[in-house]
Amino acid sequence: YDYVISGFVNGENATVVKGTAVFGSIYAVGSNATTYDITLASSTLESRNYTFKYVKGTLTVNKATFDLANASWVSETTYTYNGKHQAPVLVGVPAWVSKEVVYKKAGESVEETVDVGEYTAVAVIESTANYDVIGTFENCEYVISAAKLTVTANRKEIKYYETAPVYDYTITGFVNNETVSVVSGSATFSCEYKVADVVATYPITKTASTLAASNY
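Reading the values: rules and limits
Residues numbered from 1 in each chain as written. Predicted model: local features only at pLDDT ≥ 70, side-chain atom pairs only at ≥ 80, totals over all residues. Heavy atoms only, no water. Pairing = 2+ DSSP bridges. Helix = DSSP H or I, 4+ residues; strand = E, 2+ residues; numbered from the N terminus. Axes fitted to C-alpha atoms, helices over the stretch in contact; angles between N-to-C directions. Core = buried A, V, L, I, M, F, W, Y, C linked by side-chain atoms within 4.5 Å. Buried < 20%, exposed > 50% of the residue type's maximum accessible area, 1.4 Å probe, protein only. Phe/Tyr/Trp six-rings, centres within 6.5 Å; stacked < 30°, edge-to-face > 60°.

Caption draft 1: Here's a closer look at the sheet that holds strand β9 (residues 108-110). Read across the open sheet, the five strands follow the order β6-β12-β10-β8-β9; overall the sheet is mixed. Only two strands of the sheet have a single neighbouring strand rather than two, namely β6 (78-80) and β9. Neighbour-to-neighbour, the strand axes of this sheet turn through a mean angle of 35°, independent of strand direction. Bridge count for β6 against strand β12 (residues 140-145) is three bridges, and the pairing is parallel. Each bridged residue has a counterpart across the sheet, and for T78 the counterpart in β12 is V143.

And the structure:
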């Protein structure tokens with residue numbers, strides 16, 4: 001902090017003054033954006049024909065600026081359903097800037113993006129007491145696609161001349177500890193085998209299916 005001495009008469013100037021003055025302020029790095037008084041800390045100023053009146057100054061700390069061009073999304077275009085929240089991550093925004101990510105599905109806000117569907121991540125980044133936010137920032141569009149289930153006909157074994165067994169199946173591929181309880185409908189399997197057919201191995205194949213699951 002420096003200072004100016006005024007009030008000289010008859011064309012005199014600071015050359016008639018000896019000593020120095022030291023001014024200070026309570027401002028420190030990280031202090032809020034506002035105004036701070038600059039006040040006398042100590043003085044050895046002296047002059048034969050002058051006395052000294054010390055007037056405080058003002059330090060103005062302006063807001064810093066955060067440009068949204070420095071922010072970005074880390075995202076997959078498409079996620080595969082895993083039973084858990086999956087969404088883009090907002091990066092590049094310092095902790096001291098006000099930020100929030102809002103998730104939307106079909107225009108409605110949702111707390112988490114878990115189920116299959118099309119989503120939008122919206123970054124709400126706002127100015128604070130110490131930062132002005134400038135620029136624009138795009139929303140992030142992403143999709144959670146269905147996970148795949150495998151429907152496998154169960155292996156059957158009979159003896160020659162026995163009637164065909166009941167053909168059933170097993171569904172695998174569930175995630176996040178989900179079970180067949182999330183599946184509706186059924187599948188039908190059949191086989192070309194008929195009573196008295198020769199001893200051999202016959203394929204069991206799907207003939208019809210109404211199986212459905214919202215996330216598979």
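Caption draft 2: Here's a closer look at the nonpolar core. Grouped together as the largest cluster of nonpolar side chains are 26 residues, with contacts concentrated most on F66, L90, V93, V97, I125 and Y142. Residue assignment for this core shows that the elements contributing at least two residues are β10 (117-126), β11 (131-134) and β12.

Caption draft 3: View of the environment of G107. With respect to the helices and strands, G107 occurs in the loop between β8 (98-105) and β9. Here the alpha-carbon distance between G107 and F189, two residues 82 residues apart in the chain, equals 42 Å.

Caption draft 4: Representation of the packing of aromatic side chains. Taken as a whole, this structure holds twelve aromatic pairs when the rule is applied. Ring geometry for Y81 against Y216: centres 5.5 Å apart, planes inclined by 80°, an arrangement best described as edge-to-face. Of this pair, Y81 sits in the loop between β6 and β7 (89-91) while Y216 sits in the segment after β16 (204-209), placing them 135 residues apart in sequence. Y216 matches Y81 in its accessibility class, with the two residues each being buried.

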